[in-house]
Structures are given as structure tokens and as C-alpha cells.
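The residues making up each chain are set out below.
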Amino acid sequence: MTLAQINDRRFELLVKAVVDYAIYMLDPQGHVVSWNSGAQRIKGYSEADVVGRHYEMFFTPEDRDCGTPDFALANALKNGRHEAEGWRVRKDGTRFWASVVVDSIRDDNGQHLGFAKVTRDMTSQRNAQLALSLTREQLAQAQKMEAIGKLTGGVAHDFNNLLMIINGYADILRRRLEAPEDVTAIDTIRHAAQRGRNLTRQLLAFSRREPLNPVVMDPARKISEMRDLITGSLRGDLDLEIELPPVLHPVRIDAGEFELAMVNLAINARDAMPQGGRLTIKAQNVALPNGDAPHLRGQFVSIAISDTGTGIAPEHLSKIFDPFFTTKDAKNGSGLGLPQVYGFAARSGGTVTVNSTLWKGTTFTIYLPRANAGLEKARAPEAPELRELPGGTALLVEDNQDVATVTASMLHELGYQVVRAASASDALEHLRAGVRVDFMLSDIIMPGSINGVELEDIVRRNYSLVPVLLMTGCSDNALQQNLERPVLRKPFDIEMLRQALFNMVYDSTVAAQA
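Residues numbered from 1 in each chain as written. Predicted model: local features only at pLDDT ≥ 70, side-chain atom pairs only at ≥ 80, totals over all residues. Heavy atoms only, no water.

Visitor: Is there a simple way to think about the overall build of the protein in this case?
Guide: In terms of helices and strands, the protein carries 16 helices and 16 strands. A separation of at least 24 residues holds for 65% of the contacts in the protein among residues at least 6 apart in sequence. Surface summary for the protein: the accessible area is close to 27,000 Å², and the carbon and sulfur share equals 51%. (Helix = DSSP H or I, 4+ residues; strand = E, 2+ residues; numbered from the N terminus. Contact = heavy atoms within 4.5 Å. Areas by Shrake-Rupley, 256 points an atom, 1.4 Å probe, with all protein chains shown as cover.)

Visitor: What's the story with the nonpolar core in this structure? I'm lost.
Guide: Core analysis: the largest hydrophobic core is formed by 39 residues, its most contacted members being Phe-258, Leu-279, Ile-281, Ile-303 and Phe-364. With six residues, the top contributor of residues to this core is helix H10 (residues 255-271). Excluding its chain neighbours within four sequence positions, the residues that come into contact with Phe-364 are Leu-265, Asn-268, Ile-303, Ala-304, Ile-305, Ile-312, Ile-320, Phe-321, Leu-338, Val-352, Thr-353 and Val-354. With 26 residues, the next largest nonpolar core counts Met-164, Ile-172, Ala-404 and Phe-439 among its residues. (Core = buried A, V, L, I, M, F, W, Y, C linked by side-chain atoms within 4.5 Å. Buried < 20%, exposed > 50% of the residue type's maximum accessible area, 1.4 Å probe, protein only.)

Visitor: Explain the pairing of strand S12 (residues 392-397) here, please?
Guide: Note on strand geometry: in a regular strand, side chains alternate between the two faces of the sheet. Counted residue by residue, S12 has five buried out of six residues, so it is predominantly covered. Direction of pairing for S12 relative to strand S13 (residues 416-421): parallel, over a ladder of six bridges. What sits directly across from Gly-392, in S13, is Tyr-416. (Pairing = 2+ DSSP bridges.)

Visitor: What is the right way to read the pattern of salt bridges from this model?
Guide: Two side chains that carry opposite charge are able to pair once their charged atoms sit near each other. In total, this model carries 21 salt bridges according to the counting rule given. In this structure, Asp-121 engages Arg-90 in a salt bridge whose closest nitrogen and oxygen atoms are separated by 2.7 Å. Here Arg-90 lies in the loop between strand S2 (81-89) and strand S3 (95-106) and Asp-121 lies in strand S4 (residues 112-121), a separation of 31 residues in the sequence. Asp-171 is paired through a salt bridge with Arg-190; the nearest N and O atoms lie 3.2 Å apart. Taken together, the positions of Asp-171 in helix H6 (residues 123-176) and Arg-190 in helix H7 (residues 180-206) put the pair 19 residues apart, joining distant regions of the chain. When its relative accessible area of 25% is taken as the criterion, Arg-190 is described as partly exposed. (Salt bridge = Lys/Arg side-chain N within 4 Å of Asp/Glu carboxyl O.)

Visitor: Where do I start with unusual backbone geometry in this structure?
Guide: As a rule of thumb, non-glycine residues mostly have phi less than zero, and peptide bonds are mostly trans rather than cis. Note that the residue after Leu-288, namely Pro-289, is joined by a cis bond; omega there is 20 degrees. Cis peptide bonds are those with omega within 30 degrees of zero, and the linkage from Lys-490 to Pro-491 qualifies with -5 degrees.

Visitor: Before we go on, may I ask you to explain the packing of aromatic side chains in this structure?
Guide: The geometry of an aromatic ring pair comes down to the distance between the two centres and the angle between the two planes. One pass over the full model with this rule turns up 10 aromatic pairs. Ring centres 4.9 Å apart and planes at 50 degrees place the aromatic pair Tyr-24 and Trp-35 in the tilted group. Within this pair, whereas Tyr-24 is found in strand S1 (residues 22-26), its partner Trp-35 is found in the loop between S1 and helix H2 (37-43), the two being separated by 11 residues in sequence. Relative to Phe-364, the ring of Phe-321 has its centre 6.3 Å away and its plane inclined at 75 degrees; by these criteria the two rings are edge-to-face. Taken together, the residues span a long stretch of sequence, with Phe-321 in the loop between strand S9 (298-307) and helix H11 (337-347) and Phe-364 in strand S11 (residues 361-369) at a distance of 43 residues. Residue Phe-321 is classed as buried on the basis of its relative accessible area, which comes to 7%. For Phe-364, a relative accessible area of 5% translates into the label buried. The ring of Phe-58 carries Lys-43 above its face, with NZ or CZ at 4.5 Å from the centroid. Directly above the aromatic system of Trp-97 lies the positively charged group of Arg-126, at a separation of 4.2 Å from the ring centroid. (Phe/Tyr/Trp six-rings, centres within 6.5 Å; stacked < 30°, edge-to-face > 60°. Lys NZ or Arg CZ within 6 Å of the ring centre and 35° of its normal.)

Visitor: Would you mind showing me how to read H10 here?
Guide: A turn of α-helix holds 3.6 residues, and therefore any two residues three or four places apart point the same way. Compared with an ideal rise of 1.5 Å per residue, which puts 17 residues at 24 Å, H10 spans 24 Å between its outermost C-alpha atoms and is within 8% of the ideal. Capping of H10 at its N-terminal end is provided by Asp-254; its side-chain oxygen lies 2.9 Å from the backbone amide nitrogen of Gly-256. (Expected span 1.5 Å × (residues − 1). Polar contact = N/O pair within 3.5 Å; in protein donor to acceptor, adjacent residues only side chain to side chain.)

Visitor: Just checking my understanding: could you explain the environment of Ser-449 for this structure?
Guide: Inspection of the secondary structure assignment puts Ser-449 in the loop between strand S14 (439-443) and helix H14 (452-462). With 26 residues separating them in the primary sequence, Ser-449 and Ser-423 have C-alpha atoms 9.5 Å apart.

Visitor: So what exactly am I meant to see when it comes to the side chain of Asp-103 here?
Guide: Structurally, Asp-103 is set in strand S3. Aside from chain neighbours lying at most four places away, what touches Asp-103 is Gly-80, Arg-81, Gly-114, Phe-115 and Ala-116.

Visitor: Explain the environment of Glu-56 to me, please; I cannot follow it from the model alone.
Guide: Along the chain, Glu-56 turns up in the loop between helix H3 (47-50) and helix H4 (61-65). Considered as a pair, Glu-56 and His-31 are 25 residues apart in the sequence and their alpha carbons are 8.7 Å apart. Not counting residues up to four positions away in its chain, the partners in contact with Glu-56 are Arg-64 and Pro-69.

Visitor: Sorry if this is basic, but what is going on with helix H5 (residues 68-79) here?
Guide: Over its 12 residues, H5 runs 16 Å from end to end, which matches the ideal 16 Å to within 8%, given 1.5 Å per residue. Among the residues of H5, Pro-69, Ala-72, Leu-73 and Ala-76 are the ones counted as buried. Looking down the long axis of H5, one finds its buried residues gathered within 90 degrees of arc, a one-sided arrangement. Those residues of H5 that are exposed and angled more than 90 degrees off the buried face are Phe-71, Lys-78 and Asn-79. In this fold, the buried residues of H5 make contact with S1, H4, S2, S3 and S4. Note on H5: the residue one or two positions beyond its end, Gly-80, has a positive phi of about 90 degrees. (Arc of directions from axis to C-beta.)

Visitor: Whenever I open this one, the packing of helix H13 (residues 424-432) against H14 confuses me. Can you help?
Guide: Between two packed helices, the angle of one axis relative to the other and the distance separating the axes together describe the packing. Interhelical geometry of H13 versus H14 gives an angle of 15 degrees and a closest axis separation of 10 Å. By the criterion of interaxial angle, the relationship of H13 to H14 is roughly parallel. Judged by the sense of rotation from one axis to the other, the crossing of H13 with H14 is right-handed. Between H13, through Ala-424, Ala-427, Leu-428 and Leu-431, and H14, the contact on the second element is made entirely by Leu-455, Ile-458 and Val-459. Partitioned by chemical class, the residues of the contact of H13 with H14 number seven nonpolar, no polar and no charged. (Axes fitted to C-alpha atoms, helices over the stretch in contact; angles between N-to-C directions. Parallel < 35°, antiparallel > 145°, perpendicular 65-115°, else oblique. Left-handed = near helix turned anticlockwise from the far one by under 90°. Nonpolar A, V, L, I, M, F, W, Y, C, P; charged D, E, K, R; others polar.)

Visitor: What is the right way to read the sheet that holds strand S15 (residues 468-472) from this model?
Guide: Strands belonging to one sheet form pairs held by backbone hydrogen bonds; the direction of such a pair is parallel or antiparallel. Across the sheet, which stays open at both edges, the five strands sit in the order S13-S12-S14-S15-S16 with parallel pairing between neighbours. Of all the strands in the sheet, the pair left with one neighbour each is S13 and strand S16 (487-489). Taking each pair of neighbouring strands and ignoring which way they run, the sheet shows an average axis angle of 25 degrees. In this structure, S14 lies alongside S15, joined through four bridges in parallel fashion. What sits directly across from Leu-441, in S15, is Leu-469. Packing of helix H12 (residues 401-413) onto the sheet brings it into contact with S12, S13 and S14, and relative to S13 it is tilted by some 160 degrees.

What follows is the structure, encoded as C-alpha cells:
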């Protein structure tokens, strides 16, 4: 045996021993003429299975139909090499992602002898890359939503102060006017202010600055109780189907925000089905992570809301949770429904995902984490409805002068004298000076080193006979400190203020008797 033959034999043995790559030869027509152990490991075929057969057997049916095997050989013959990635099929029918190189083999005279084929299984690497890309996209989305949330939270806070002024004076004037046309005009203003209040509520829910009141509940029971509410949001040409398993994990959520999220999704589905259709609500227990929520882990309840409507265009999917983004006309969409759903799910410890196909329908899935504690017991009865306030002097702490003026006017309407303070330090100066007050009504976010929550703690420690009622349009401090006591939400009207003051008096009386 010559040295050249010995070297050829060594190379042949080396190639056959390689297990990480499928290395084999094809004749000029594409038939397999050699087969190494790596090819058998990756593709599942033995040498006897494939030698003499055309290599197109390793391609998917769709690739064979569009001529991919022939194109690869033609390209290698023309350019000397063909490189590609794509799905290939194993003997058992499963698919793997392959990195492929096809080299044209020629002798010293340039005559074409066939092809050398090298295939590597890249499925694990591809899956890891896709997972990394998905994680990066989710991180970018989370950062974008956080930035938008901070912006919208600040806008909502300022907007609530404006609504407080509009709503407060409209409420006062409503009590004084008698002419029907004047009453109608004021009622229109109040109705517009209420719509603005609802919009800012959804903004604050999205931006995670709306304090939640979460309780542990049975989601199946809650969804069943909401059937009439959801049906009322639909049209007569839409069918509603609710599929609930016998047992669902308990979840800890704010019932009001959950209802609002479900109604927002129902309205969204309704508008996507102008010619009628079906809305399906399906809940089940799931273990995460999964393909839709790889960043969550643990036991969750998934609530899928599916419609048979027009679907969402792919270019819109990344924007649907952005505040004020909508494809509807101004009369039918504010662009705040889906952001509220997003905010509710995120603040509840879960997420919301969307899958949509144009002209076939859309599915939104809310994931809520399983609650470890048991279901909430019945709450103690609330304070009785207000009959009469005792009157007296109120210490009003509010830095916005216009808001302070309208709030003082509302307190006057309720029979209170008002001492005003523009900051926490001003309020404490009044108390140290011996000004006698029957309660303090304070905003939470104020200029200076002391916010409303800290002011309340100081008053409780040093002036324990002065009840405190906090109010806010948006409060990170209230959220961070997990306030359990009631907070009066701006914008409020006289009746809301009256009931809040009565509840405060009622609670103070109960505490004094305890």
C-alpha cells in the first residue's frame, strides 16, 4: 500500500469517527455514496439505509416542493460551495435545525466528481438564541413600559388636580343653580369630569400608581359572577362562552381592577367582531415558564379571552399596550383599555400576552400567580351611610392653591371652618401654635422634606386626638408603604368627601371606645 493510499485510509477512518458532524459524500446527481457515524447519530439512518438514495430524503416536504435540494447542488457546482441553515428531517420524522455546507469536489483536471456534505445539528443553539432574543425583547418592552408608566403617572397626577378644580366647583354650583338650562350645563361638565376621572384611573393603573386593594379570591367564582357584566359589554350578535375547570388556584387580586380588565378585553373583542362572532373565556391552572411567559416561574392561573374577529396587524402588536395607541376612531377608543389590563396584570405579579392572526381572531391571556394564603373571610361591616357630620374646624394641607380653594369651599358646604397650610411644615406650625382643629385633611405628595404619609405619622404620635384623612391624585409613597387606611382619591365631589369624613369620624369613635 502506497503512502498516499495509507493517508487516504487514515482520512477515511477519521471522517467516519467524527460524531458531532454528519459528513458524507454525494455523487454528481446527489445520491449518497458514503456515510459517517456522525451522520447516523444526527439523522438516525444507518449507512445501509441511505447509500444509493438521493439526499433530498433529508429535507422537509415543503423544501422539496420548492426545489431547495436541487438549488443547493446547483449553487455549489456554480460557486464551489453552498452554505445554508434550515430544518432537516430525521429518520423518526422529527425535525432539527441544521447548519449545512455543500462543497463541489473536482479532480486535478477540473472534472466534477460529486459533493462533500457537512451537516451540524444547531437546534440547541438556535433555541438558546431565540430564548435570548425573546428575553431581550421582553426586557426592552418592560423598560419602555416603565418609562411610559412614569410619564403617564405624572400626567395623571397633574390631570387629577385639574379635574379636582373642575369637578369641585361644578358640584358646588350644581347645589346653587335652579334654572334648568344651568343645571343641564353643570351636569354636562360633571359628566365630562367623571369621564376624565375614569381615564386617569386607567392611566394610573397602567403606570402602577393606582393603589390596589388585593384580596385572595376564587377566580372561577369571580368570573362566573361577572357573566352579566361582560354580556352587557357585548352586542346581541355575539356569543359568550365561559369554560372553567372544577378547581382553580386562588389568586390575590384587586377585584375592581380585575373586573375593569375583563370588561376592557371584552369591549376590545366586541369592536374586533363588527359582523358578529364568539367571545370565549377559558381559565386553567398552569405551571410556568412556557413559550408565552418564559420570565415567570411557579403556579399560575391563566385566563384566556379569545375572539373570532379581525385580528391585530403584526406591525401593531408591539404597540397595543402603549397608552393612547389605538386603531379605532376617537369616538370608539381612548387607547387606555389595554394599558390598564397590562398594568393590572403586572402589579398582580403576573403578565398578559397576546396571540393574533389577521382575519381569524385574537387571544389575550392574563397570568395571575397562585395565592399561598386561603380565601378571604367575610369583612367586617362597613361604616353606616352618612347622616350628619359634627362640623368644626378642618386643617387643610394642600400645596396647589386652586385645589386648596375648591376643597375649602366643599368643606364650608359641609359645615366646617378651614385653616389652610401649603406644606407639612406649615401644618405642624399651626398645631404647635395651639390652633384647635377637629381633623386634618392632607394631600400626600407635597413639596418639602415631609410628605403626607409622614405628616400623618407625626400627627398620630404627637397629636393623637386629631384624626387624619389623606387625599391624593397619585401616590408612590402610599403604594410603597402599603397603606391600609382609606385614602380619598382625587378628583372627588362633595358627597365623596362627606362619606370619607363620616367614615373617619366613625373609625375614630370606634378606636376611642376600644
